[in-house]
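Listed below, chain by chain, are the residues.
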Amino acid sequence: MNDTPKAVINLVKCCREDYQLILWLDGEAFAEFSTDSKAEFSKALKEWKRVNLPTLSRSVYKVYVRGKKKLIEADF
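What you are looking at is a predicted structure, and each value in this text was computed from that prediction instead of being measured.

K.L.:
Would you mind going over the pairing of strand β4 (residues 71-74) with me for this structure?
P.N.:
Every other side chain in a regular strand lies on the same face of the sheet, so the side chains alternate between the two faces. Across 4 bridges, strand β3 (residues 61-66) lies against β4 in antiparallel orientation. Following the sheet pairing, Tyr 64 is matched in β4 by Glu 73.

Printed below as a string of structure tokens:
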């Protein structure tokens, strides 16, 4: 993923937990939440999508999800 913004990479490097959700919006990266529990992460991600995605629909943004060893750009 060569087009990952540096701000996102910096947040990934700082995080000690295994799972992380990062929002990239207006050139800035925001660590939305992180946890070591996959079940807790899945539950929090579902709630985050329900609450936040409708408000982001008109903005240009990217959402990144990091698992134990892999960072991907989420497509929801």
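On we go from here.
K.L.:
Is there a simple way to think about the environment of Leu 21 in this case?
P.N.:
Note that Leu 21 resides in strand β1 (residues 19-25). Sequence separation between Leu 21 and Ala 31 is 10 residues, and the spatial gap between their C-alpha atoms is 6.2 Å. Discounting chain neighbours no more than four positions away, the residues touching Leu 21 are Phe 30, Ala 31, Glu 32, Phe 33, Phe 41, Leu 45, Trp 48, Val 63, Tyr 64 and Val 65.

K.L.:
I'm lost on the pattern of salt bridges in this one. Help?
P.N.:
Taken as a whole and assessed by the stated rule, the structure comprises 2 salt bridges. Between Arg 50 and Glu 47 there is a salt bridge, with its nearest N and O atoms 2.6 Å apart. Within this pair, Arg 50 and its partner Glu 47 are both found in helix α2 (residues 38-56), separated by 3 residues, close to a single helical turn. Look at Arg 50 and you get exposed, because its relative accessible area is 55%.

K.L.:
Is there a simple way to think about the packing of aromatic side chains in this case?
P.N.:
How two aromatic rings sit relative to each other is set out by the distance from centre to centre and by the angle between their planes. The full count for this structure, using the stated rule, is 2 aromatic pairs. On the basis of an interplanar angle of 50° and a centroid distance of 5.4 Å, the ring pair of Phe 33 and Phe 41 is categorised as tilted. The residues Phe 33 and Phe 41 share a single accessibility class, namely buried. The structure contains a cluster of three or more aromatic residues connected by ring pairs, namely Tyr 19, Phe 33 and Phe 41. Looking at Lys 62, its charged tip hangs above the ring of Trp 24, at a distance of 5.6 Å from the centre.

K.L.:
Is there a simple way to think about the sheet that holds β3 in this case?
P.N.:
Each strand in a sheet pairs with another by means of backbone hydrogen bonds, the pair being arranged parallel or else antiparallel. An order of β2-β1-β3-β4 is seen for the 4 strands of this open sheet, with the pairing classed as antiparallel. Bordering the open sheet on either side are β2 (28-35) and β4, each of which pairs with just one other strand. Neighbour-to-neighbour, the strand axes of the sheet open up by a mean angle of 25°, direction not taken into account. As paired strands, β1 and β2 are joined by 7 bridges and run antiparallel to one another. Following the sheet pairing, Ile 22 is matched in β2 by Ala 31.

Cut-offs applied
- Residues numbered from 1 in each chain as written.
- Predicted model: local features only at pLDDT ≥ 70, side-chain atom pairs only at ≥ 80, totals over all residues.
- Heavy atoms only, no water.
- Pairing = 2+ DSSP bridges.
- Helix = DSSP H or I, 4+ residues; strand = E, 2+ residues; numbered from the N terminus.
- Contact = heavy atoms within 4.5 Å.
- Salt bridge = Lys/Arg side-chain N within 4 Å of Asp/Glu carboxyl O.
- Buried < 20%, exposed > 50% of the residue type's maximum accessible area, 1.4 Å probe, protein only.
- Phe/Tyr/Trp six-rings, centres within 6.5 Å; stacked < 30°, edge-to-face > 60°.
- Lys NZ or Arg CZ within 6 Å of the ring centre and 35° of its normal.
- Axes fitted to C-alpha atoms, helices over the stretch in contact; angles between N-to-C directions.

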